[in-house]
Amino acid sequence: MDLHMVLHNGGCHCGRVRWRVQAPSSVVAWQCNCSNCSMRGTIHFTVPSERFSLLERSDQFLTTYTFGTHMAKHKFCKVCGITSFYIPRSNPDVVSVTLRCVDSGTINHVEIRQYDGKSWEIS
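As a starting point, this report considers the structure included with it.

Calculation criteria
- Residues numbered from 1 in each chain as written.
- Predicted model: local features only at pLDDT ≥ 70, side-chain atom pairs only at ≥ 80, totals over all residues.
- Heavy atoms only, no water.
- Helix = DSSP H or I, 4+ residues; strand = E, 2+ residues; numbered from the N terminus.
- Buried < 20%, exposed > 50% of the residue type's maximum accessible area, 1.4 Å probe, protein only.
- Polar contact = N/O pair within 3.5 Å; in protein donor to acceptor, adjacent residues only side chain to side chain.
- Pairing = 2+ DSSP bridges.
- Core = buried A, V, L, I, M, F, W, Y, C linked by side-chain atoms within 4.5 Å.
- Contact = heavy atoms within 4.5 Å.
- Phe/Tyr/Trp six-rings, centres within 6.5 Å; stacked < 30°, edge-to-face > 60°.
- Lys NZ or Arg CZ within 6 Å of the ring centre and 35° of its normal.

## Things to note about the environment of G41
Assignment of secondary structure puts G41 in the loop between α1 (35–40) and β4 (43–48). Taking the relative accessible area as the measure of exposure, G41 reaches 31% and is therefore partly exposed.

Written out as structure tokens, the structure reads:
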């Protein structure tokens, strides 16, 4: 797997939420079966929070959805409703980036793994 770091840009459908993340050009992405991820069809990869940055005035278009323990922070655009990233319950020091929200051209390879989010406490 290529561990060469590149800058990936991405964001929501309407373009009001934009961000930049430093990650390899080859990523391991997770398809989770928890209630939220399975309903949204989310496939994501994680990066340390210091390698993620919101661009320009994106924060004014974000709102947060939480449920259950309220530990996970699902960030979505107030205009188009797309969750392009979130802070996971399992590791609040990282950002989970929605793979399909990364602009094309910088990810060369994706390995998709399954995660049993329904059984999060024992996973």
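## Description of the environment of H8
Residue position: H8 is located in strand β1 (residues 5–11). On the basis of relative accessible area, H8 is assigned to the buried category, the value being 0%. Taking C-alpha positions, H8 is 13 Å from H109, a pair spaced 101 residues apart along the chain. Reaching out from H8, the side chain makes a polar contact with the backbone oxygen of A23 at a distance of 3.3 Å. Of note is the side chain of H8, whose polar atom sits 3.0 Å from the backbone oxygen of P24.

## Some details on the pairing of β1
Both β1 and strand β2 (residues 18–24) contribute to a ladder of 7 bridges, which runs antiparallel. Bridge pairing in β2 links H8 to V21. Between β1 and β2, which pair antiparallel and follow one another directly, the connecting turn spans 6 residues, one of which, G15, has a positive phi of 85°.

## Remarks on the nonpolar core
If you look at the biggest cluster of nonpolar residues, it comprises 20 residues, and the most contacted ones within it are W19, F45, V47, F52 and V97. Of all the elements in the fold, those that place two or more residues in this core are β2, β3 (26–32), β4, β8 (85–87) and β9 (94–98). When neighbours within four sequence positions are excluded, V97 is seen to be in contact with W19, V21, I43, H44, F45, V47, F52, S84, F85 and V102.

## With respect to the packing of aromatic side chains
The full count for this structure, using the stated rule, is 4 aromatic pairs. Pairing F52 with F85 gives two aromatic rings, centres 4.7 Å apart and planes at 45°, and the pair type is tilted. With a gap of 33 residues between them, F52 in strand β5 (residues 52–54) and F85 in strand β8 connect regions that are remote in the sequence. As far as burial versus exposure is concerned, F52 and F85 are alike and both buried. For the ring pair Y65 and F67, a centre distance of 5.6 Å and an interplane angle of 25° mean the geometry is stacked. You can call F67 partly exposed: its relative accessible area is 34%. Among the aromatic residues, those joined into a ring-pair cluster are W19, F52 and F85. A cation over a ring is seen here: R16 above F61, with NZ or CZ 5.9 Å from the ring centre.

The quantities given are spatial measurements derived from coordinates; they are silent on function.
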